[in-house]
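Residues per chain, in single letters:
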Amino acid sequence: MSGDEAVAPVVPPVAEAAAIPEDMDLMTAVQLTIRKSRAYGGVVRGLHESAKLIEKRVAQLCVLAEDCNQPDYVKLVKALCADHNINLLTVPSAKTLGEWAGLCKIDSEGNARKVVGCSCLVIKDYGEDSTALNIVKKHIESN
């Protein structure tokens, strides 16, 4: 090794910036935000765990499925979020929310199989900032 050799600068990949379009819809942004939070261990699923985090005021965002067939469940989650000033978003399907929450098996083609429904999900840690998170935060602030 001589002192004449130049070291090539390492350029970090910018794959995520290219993968996230600026004009994405809210549901795609919520999905990516939940995926990022899951990577950081910041997602809690189910009524019991979600209620505990909401009561402790640790929750940053609560996501509730609209097709939940338990009216008391929906009423409790909405009341807890309103009582403790936790932001609440709704998604159309519990199966979709369950898939986003990781309650499924992924087959060899990358498709979700054996999806379990999830009626309530709480995010306690967003992880790092992203375009999807900014879209979700803008939607929460506007409503």
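What comes next concerns the included structure. (Residues numbered from 1 in each chain as written. Predicted model: local features only at pLDDT ≥ 70, side-chain atom pairs only at ≥ 80, totals over all residues. Heavy atoms only, no water.)

Considering the overall build of the chain
Step number 1: Scanning the chain from N- to C-terminus turns up six helices and six strands.
Step number 2: Secondary structure elements of the chain occur, N-terminal to C-terminal, as α-α-β-α-β-α-β-α-β-β-β-α.
Step number 3: Taken across its 143 residues, the chain has 36% of its residues classed as buried.
Step number 4: Long-range contacts, defined as pairs at least 24 residues apart, comprise 73% of the intrachain contacts of the chain with a sequence gap of at least 6.
Step number 5: Here the chain displays about 9,000 Å² of accessible surface, and carbon together with sulfur accounts for 51% of that area. (Helix = DSSP H or I, 4+ residues; strand = E, 2+ residues; numbered from the N terminus. Buried < 20%, exposed > 50% of the residue type's maximum accessible area, 1.4 Å probe, protein only. Contact = heavy atoms within 4.5 Å. Areas by Shrake-Rupley, 256 points an atom, 1.4 Å probe, with all protein chains shown as cover.)

Some points on the side chain of Thr33
Step number 1: By the element assignment, Thr33 lies in helix H2 (residues 26-39).
Step number 2: Note on Thr33: relative accessible area 3%, which makes it buried.
Step number 3: Setting aside chain neighbours within four positions, we find Thr33 in contact with Ile123, Tyr126, Ala132, Leu133 and Val136.

What to know about the environment of Asn85
Step number 1: Residue placement: Asn85 occurs in the loop between helix H4 (71-83) and strand E3 (87-91).
Step number 2: Placed 28 residues apart in sequence, Asn85 and Arg57 show a C-alpha to C-alpha distance of 8.5 Å.

Brief notes about the packing of H2 against helix H6 (residues 131-142)
Step number 1: Contact pair H2 / H6: the axes reach a minimum separation of 8 Å and the direction vectors enclose 120°. The orientation of H2 with respect to H6, classified from their angle, is oblique. Remark: the crossing between H2 and H6 carries left-handed chirality. Residues Leu26, Ala29, Val30, Leu32 and Thr33 of H2 touch H6, and the partners they reach there are Ala132, Leu133, Ile135, Val136 and His139. (Axes fitted to C-alpha atoms, helices over the stretch in contact; angles between N-to-C directions. Parallel < 35°, antiparallel > 145°, perpendicular 65-115°, else oblique. Left-handed = near helix turned anticlockwise from the far one by under 90°.)

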